[in-house]
Amino acid sequence: MNSRKDTPLQIITKILGYLVLILVALTMVIPFIWMVTTSLKQPNSAFAYPPQLLPTEIDFRNYEMLFTLVPFGRYFINTLIVTALTVVGQLIITSLAAYGFARLHFIGRDTLFVIFLATMMVPYQVTLIPLFLIVFGLGWINTYTGLIVPAISSVFGIFLLRQAFMGVPRDYQEAARIDGASEFRIYWRIFLPLNGPALATLAVFAFMGTWTDLLWPLLIARTPEMRTLELGLAYFNSSTSAFRQTNWPLMMAASVIVMLPVLLVYIFAQRYFVRGISLSGVKG
Amino acid sequence: MEYSGNITATPPHQFKEKNLWQRFWSRSNEKVGYLFILPAFTHLLIFLLIPLIFSLYLSFTNWRGPNPQNALFIGLENYQFLLGDRRFWDAMRNTAYYTLLYVPGSMIVSLLIALVMNQKLKGIYLFRTLFFMPVISSWVAVSIIWITLLDPQVGILNYVLQELGLPSVNWLGDPSTAMIAIVIIAIWKSVGFQMVIWLAGLQGIPVELHEAAQIDGANRRQSFFRITLPLLAPTTFFLAITGVIGSFQVFSPIYVITGGGPRGSTDVVVYHIYTRAFEAYDMGYAASQAWVLFAVIFAATLIQVWYRRHQGEGSLF
Amino acid sequence: MFQIKHLLKAALISSLALVPLGVFAQDATTLTVVGVTVPPEEIGTPLDLAYQALVSSFEEANSNVTINVVEQPPEFETQIMIDLAAGTAPDVWRAGQALLPELIEGGYILDVRQCLDITPTLTMDRFIPSILAIHQPEGPEGPVYGVPNGFTPMVFYYNPEVFANAGVEVPTSDWTVEDFLHTTQMLTIDSQGRNAMDPDFDPESIEQYGVRVRKFFILENLAWVWAFGGDIISEDGTTVDGYLNSPETIEAITFLRDLVLENHVAPPPNALDQMIQERSFPSVFLDGQVAMYPRGQWEMVGLQNQENYDPGRVAVVGYPVGVNDATIAFEDGWVINSALADDPAKLAAACSFIDFATSPVFQDSKALTGLEISANQAVADQAAEVSQWPEVQAVFVSEADDARPDPNTRFSFFAIVEPRLDLMMENILAGADVTEEVNLAVEEINRELSRQ
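Fair warning: this is a prediction, and the values are worked out from it, not measured in the lab.

Peer 1: Just to check I follow, could you spell out the overall build of chain B for this structure?
Peer 2: Assigned secondary structure in chain B consists of 15 helices and zero strands. Against the compact-globule benchmark of 20 Å for 317 residues, chain B has a radius of gyration of 25 Å, which places it well outside the compact range. Each principal axis of the C-alpha distribution contributes one length, and for chain B these read about 85 × 70 × 30 Å. Considering only intrachain contacts with a sequence separation of at least 6, the fraction spanning at least 24 residues in chain B is 68%.

Following this line, the structure appears as C-alpha cells:
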C-alpha cells in the first residue's frame with residue numbers, strides 16, 4: 001500500500017513496535033498455554049519447580065473423565081440455543097434503542113437515556129431475588145425462555161452502539177430522509193451496515209457473557225436436560241465435603257472445553273472487526 | 001398511530017406557550033423514537049426497574065430472607081446502621097482503591113498498545129486476536145489460571161522474578177499485594193477490549209491533521225497531546241465511565257480468587273453485599289448497602305459527565 | 001408480588017420439572033430430595049453406593065412413593081435461599097448446621113414432632129442427645145427442627161513417626177495445655193536439628209513445625225477457648241461482651257498467637273502458604289513437616305488419598321485439657337420443607353424418609369465411608385468395630401462425649417459473625433495487639449447483635 005521507502009528512524013520504530021507487541025502477546029498467551037499444559041496432567045504431578053510451560057507428559061484422562069461423565073452433546077446444544085437467541089435478541093433490541101437514542105429527537109429522550117445508563121450502575125446481585133420471583137411468576141423456571149429472555153437486552157450494548165451510531169455523519173440520515181426513507185429503513189439500511197464492528201463487538205460480548213454465565217442458569221435450569229455447558233462443568237468440584245482437594249488439572253480441562261467454542265466464534269467474528277476498523281475511516 | 005382522531009379533535013392552541021402535551025404532539029417531536037426504544041424499555045422495566053424498586057422497598061425492611069412476606073418495615077434503621085458499619089466502609093475504601101488502580105492503569109496500558117498497533121504494522125490481526133483472548137474467557141477460567149500462575153512456590157510469575165534476581169512475592173497471601181494482584185489480572189483481562197475501542201477511535205482521526213501538525217513543526221509528543229488525545233475524548237469518556245462503573249461492581253475475581261482476604265484487604269463492596277445477602281440472608285440490610293453503592297456510582301458518573309461538560313463538550317454524553 | 005407464589009401455584013406444578021408427572025396420579029407421591037448424591041467424579045464410591053441403597057430400599061418399602069433425586073447444585077446455599085422465596089425448594093434436604101438458624105427463624109423447616117404420630121418408628125431417643133440438641137433451639141421439650149444425620153468432633157491429628165523420631169511420647173487423651181506446648185516445642189526443629197527448647201534454636205530456618213494454627217476461629221480455635229474456661233457469647237446469644245473479651249478467652253487467644261509469634265512452633269500464615277502450594281496439607285503432614293493439626297473425621301479420607309499415606313503416620317487425640325475438657329462438634333442433618341404441612345401424603349413420605357435415613361439401614365454406611373460419625377447412638381457405638389481404622393474411630397466416638405455444639409444456633413447473624421472472628425484471628429496471628437483486636441471485634445459483633 002505504502003510505496004515510500006521507510007527511513008531508518010521508521011524502521012527502528014517498527015522494530016520497537018514489534019518488540020512491544022510480541023512481549024504483550026506473550027503475556028496474553030502464556031497463561032492459556034499454561035492452562036492447556038496443566039489440563040494434560042494429573043493432580044499429583046500438576047505443579048513442579050521450575051514451572052513447566054510445555055507439557056512433559058500428555059495425559060488425556062481429565063478430558064476422558066469429563067466426556068464420559070458429562071452429557072456434552074446435550075449441554076452443548078442447550079448452550080448453543082440459549083446463546084444464539086440471546087445474541088440475536090440483544091443485537092436487535094439494543095441497536096433499535098441505540099438508533100432512537102442517537103438519532104431521533106423526542107421528548108424525554110435524555111431522561112430515558114439517563115435512566116438506562118443509571119441501571120448499568122446497579123450490581124446485579126441486588127436485583128437477583130426479585131428478578132427470580134418475576135421469572136418464576138411467569139412460569140419460566142426450567143425453560144429456555146427463562147434462560148434467554150431476561151438477557152436479551154443490555155444497557156451496555158445500547159451505550160456501545162449509541163456511541164458508534166453517533167459517529168455516522170448526519171448527512172447520510174438527512175439525505176435518506178429527503179429521499180423519503182422511513183426511519184426504520186435508515187436504521188436498517190444505513191446504520192446497521194455502517195456499524196459492523198460495533199455490532200460484532202457487542203455480539204462477541206453477548207456471546208461470551210451468555211456462554212460462560214453460571215449463576216442464572218444455576219437458578220433456572222433445574223433438570224440435567226436443561227443444563228448449560230458451564231453449569232454442567234460446575235457440578236464438578238462442587239462438593240461441599242471439606243476433605244476434597246482442589247483438582248486444578250480437572251478444572252483447567254473443563255475451562256478449555258468451555259473456552260474453545262468462544263475462541264472459534266471470536267476468530268470468525270474477527271473478520272468483521274477487521275472490516276469495521278478499515279470502514280471507520282469514513283467517520284472522519 | 002401517532003395522529004389519532006382523538007387528538008385532531010382537540011381545540012386549537014389556547015396558550016401561546018406550548019405545554020408538554022402540545023410539545024409532545026408537535027412535529028418536531030420525533031415520536032417514532034418511542035417505538036425504537038419500546039422493546040428495550042419494556043425489557044428494562046420488567047427485568048430491571050421493577051426488581052430495583054422492589055429492592056429499594058426492601059432496604060427499608062428487616063427482610064431476613066428467604067421469604068419477603070416476613071419482612072417488617074423499619075424505616076431508615078438499615079441506613080442508620082450502615083453509617084456506622086466499619087466493615088462496609090472498609091469495603092468501600094477497598095473498592096475505591098481498586099478503581100483508582102484499575103481504571104487509569106488499564107486505560108493507559110491499552111492506549112499505549114493501541115498506539116503501537118496503529119503504526120500500520122504487518123500481522124496486526126494476529127496480535128489483535130491474541131490480545132483479545134483474555135477478554136473472551138470467562139472469569140472463572142481466568143481466575144483458575146491466575147491462582148496457579150501467582151503461586152509463591154511454583155507460579156510462573158515468581159519464577160520470572162527469581163530468575164531476574166528479585167524476591168518472590170506471596171501475591172495473593174499478602175494483604176499489601178493481594179489487591180494489586182487482582183488489578184493486574186483485571187487489566188490483563190480487559191486490555192484487549194479497551195485496545196480495540198481505542199484503536200477504533202484512533203483510526204477515526206484524519207491523518208491530514210497529524211500531517212498538518214508536522215508541517216507546522218509539531219513533534220510527535222506535541223501532536224499526541226494536542227491532537228490525538230483531545231480527539232479521542234469521546235473514547236476516553238466511554239472507557240472511563242464504563243471502567244468506573246465496572247470497577248465499583250467488581251465481583252467475580254474476588255469471589256473466585258481471594259474471597260475478600262487476606263485480612264479483608266480485597267473485600268470489595270459488591271462481594272461484601274453478596275455475603276450479606278446470600279450467606280447471612282440479611283436481605284433488607286444488603287439492599288440498603290446496594291442502594292448506597294448505587295448512589296456512590298451515580299455520583300461518580302455525574303462528576304465525570306460534569307467534568308466533560310466543563311471541558312466544553314456540548315452533548316450530554 | 002408477595003403473593004406471586006400463591007397465584008401461580010398451578011404454573012409451578014405444571015412447569016417445574018422438579019415435580020414430575022407422578023404428582024397427578026392419585027396414589028403415588030413424589031418426594032424431592034437433595035443431599036443423596038455425590039459429584040460426578042465420585043460416582044461409584046462407597047458414599048455414592050450408600051446413597052443409592054438408601055433411595056432404593058426406601059422406595060421398596062414405600063411402593064407408593066417415588067424419590068426424585070436432585071443433585072446438590074453448586075452454590076447450594078444461594079439456590080436454596082432463592083427457592084424458598086419462590087416456593088421451589090425441595091421437600092427434604094440435607095443441611096449443614098450453618099443454615100439452621102435462618103431456616104428456623106424464617107419458618108421454612110418443619111418441626112419433626114409432627115412426624116411422631118404419622119411415623120411411629122421415628123423415635124428421638126435413637127439420636128445422641130448432645131447432637132440432637134442442635135436441632136432443638138428451645139431445649140429438649142421444645143420443637144425439633146430436622147434430625148441429625150452425622151457429625152464429627154474436632155480432634156488433633158498427629159504423626160506418630162515424627163514423635164518417635166524426636167523421642168517424644170505420643171499424647172494421651174488427658175494431656176494438658178502445658179504438655180501440648182512442651183510437645184510442640186520438642187517437635188519444632190530448625191535446619192541444624194535443634195528443637196525449639198534449644199537456646200540456639202534459629203526461628204529463621206525451621207524445617208519442621210510442631211503444630212498448625214490458623215485463623216478459622218470457630219472451626220479450630222473455639223475448642224481452645226473452652227479449654228481455657230472462656231466462651232464467646234452469652235447463653236441467650238445477645239452479647240459477646242464479657243465473653244469474647246473475658247480474661248480466659250484472651251488468654252486462650254494469646255496462647256494461640258504465641259504458638260506462632262513467640263514460641264515459633266507453628267508456621268506463620270506466609271510460611272504455611274508456601275508449604276501447601278506445591279501439594280496439599282495432608283501430604284505435608286504425612287511427610288512430617290508439621291507434626292499436629294486440628295481437624296474433623298472427614299480428614300481421614302483426605303489423608304488416605306495421599307500417595308504418602310501410611311497408617312503408621314496417622315493417629316488422633318482430643319484437644320488438650322485445661323479448665324475444661326471440651327471440643328466442638330459439627331453436624332449435618334435432614335430437614336423437611338415446612339410447606340409439606342399442607343400435604344399429608346408428602347408429609348408422611350418425608351417423615352418416613354428421614355426415619356429411613358437415620359436408621360441403621362443407611363447410617364451403617366457412615367463407618368465405612370469414614371466421613372463422619374453417625375448421629376444414631378446405636379450405630380455410633382459400633383462404629384469402631386466396623387471401621388477400617390478402629391483406633392482412630394474409637395477416639396472420635398469417645399471425644400463425642402466432650403463435644404459441645406457449634407454456637408451458631410445462638411447467633412442471629414452467624415454468617416457475619418464467623419468471618420468477623422476469623423478476621424480478628426487473622427489480624428492477631430499477623431501480629432496485631434490481642435486486646436485491641438478482640439475489643440474491636442466485640443464492638444462490631446455486638447452492633448450486629450443489637451439489630452434484633
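Peer 1: When you look at the interface of chain B and chain A in this model, what are you seeing that I'm missing?
Peer 2: At the junction of the two partners, chain B supplies 74 residues and chain A supplies 81 residues. Per-element accounting of the side of chain B that touches chain A gives the leading share, 17 residues, to helix α3 (residues 32-58) of chain B. Taken together, the residues of the side of chain B that touches chain A break down into 55 nonpolar, 16 polar and three charged.

Peer 1: Please clarify how the environment of Thr 266 of chain B should be interpreted in this entry.
Peer 2: Residue and element names in this part refer to chain B. Inspection of the secondary structure puts Thr 266 in the loop between α13 (252-258) and α14 (269-279). Judged by local crowding, Thr 266 falls into the buried class, with 27 C-beta atoms found within 10 Å. For the pair Thr 266 and Asn 94, spaced 172 residues apart in the sequence, the C-alpha separation amounts to 6.3 Å. With residues up to four places along the chain from it excluded, the contact list for Thr 266 reads Asn 94, Ala 178, Met 179, Ile 182, Ile 254, Thr 258, Gly 260 and Gly 261.

Peer 1: Could you clarify how one ought to interpret the domain arrangement of chain C in this entry?
Peer 2: For interface size, the figure often reported is the accessible area lost on association. Residue and element names in this part refer to chain C. Looking at the assigned domains, one finds that chain C contains domain 1 (4-152 + 330-405) and domain 2 (155-329 + 411-449). Here the C-alpha centre of domain 2 lies 32 Å away from the C-alpha centre of domain 1. Every contact between the two is made by 21 residues of domain 1 and, on the other side, 19 residues of domain 2. Elements supplying a minimum of two residues to the side of domain 1 that touches domain 2: β4 (147-153), β10 (327-336), α19 (390-399) and β12 (403-405). By residue number, the principal contributor to the side of domain 1 that touches domain 2 is α19, which donates four residues. Per-class residue counts for the side of domain 1 that touches domain 2 are 14 nonpolar, two polar and five charged.

Peer 1: Would you explain the sheet that holds strand β8 (residues 292-295) of chain C in this entry?
Peer 2: Two modes of strand pairing occur in sheets, parallel and antiparallel, and in both the strands are linked by backbone hydrogen bonds. Residues and elements named next belong to chain C. Here three strands make up an open sheet; going across it, the order is β8-β5-β9 and the pairing antiparallel. With one partner strand each, in any of the chains shown, β8 and β9 (315-317) form the two edges of the open sheet. Strand-to-strand, the axes of this sheet are offset by a mean angle of 35°, without reference to chain direction. When strand β5 (residues 155-158) meets β9, the two strands line up antiparallel, connected through three bridges. Bridging from a neighbouring strand, Phe 156 pairs with Val 317 of β9. Of the strands in this sheet, β5 and β9 touch α19, which is tilted by about 15° from β9.

Peer 1: Sorry if this is basic, but what is going on with the domain arrangement of chain B here?
Peer 2: Taken domain by domain, chain B holds domain 1 (5-53) and domain 2 (85-310). Domain 1 of chain B and domain 2 of chain B are separated by 39 Å when their C-alpha centres are compared.

Quick notes on the rules
- Counting from 1, residues in each chain are numbered in the order their sequence is written.
- Both sets of labels track the order of writing: A upward for chains, 1 upward for ligands.
- Confidence filtering applies because this is a predicted model: local features only for residues at pLDDT of at least 70, side-chain atom pairs given and counted only at 80 or more, and all residues used for totals across whole chains, interfaces and linings.
- Helix and strand labels come from DSSP, where a helix needs a run of H or I of at least four residues and a strand needs a run of E of at least two; each type is numbered from the N terminus.
- Throughout, the radius of gyration refers to the C-alpha atoms, and the reference size of a globule is 2.2 Å times the residue count to the power 0.38.
- Here contacts are defined at the residue level, using C-beta atoms placed from the backbone and a cut-off of 7 Å between them.
- Charged residues are taken to be Asp, Glu, Lys and Arg, nonpolar residues to be Ala, Val, Leu, Ile, Met, Phe, Trp, Tyr, Cys and Pro, and polar residues to be all remaining types, Gly included.
- Exposure in this text rests on C-beta crowding, where 20 or more other C-beta atoms within 10 Å of a residue's own make it buried, 12 or fewer make it exposed, and counts in between make it partly exposed. The C-beta atoms are placed from the backbone.
- Domain extents, as shown, originate in an automatic or database domain assignment.
- Two strands pair if DSSP finds at least two bridges between them.
- The angle between two axes is taken between their N-to-C directions and runs from 0 to 180 degrees, where each axis is a line fitted to C-alpha atoms and a helix contributes only its stretch in contact.

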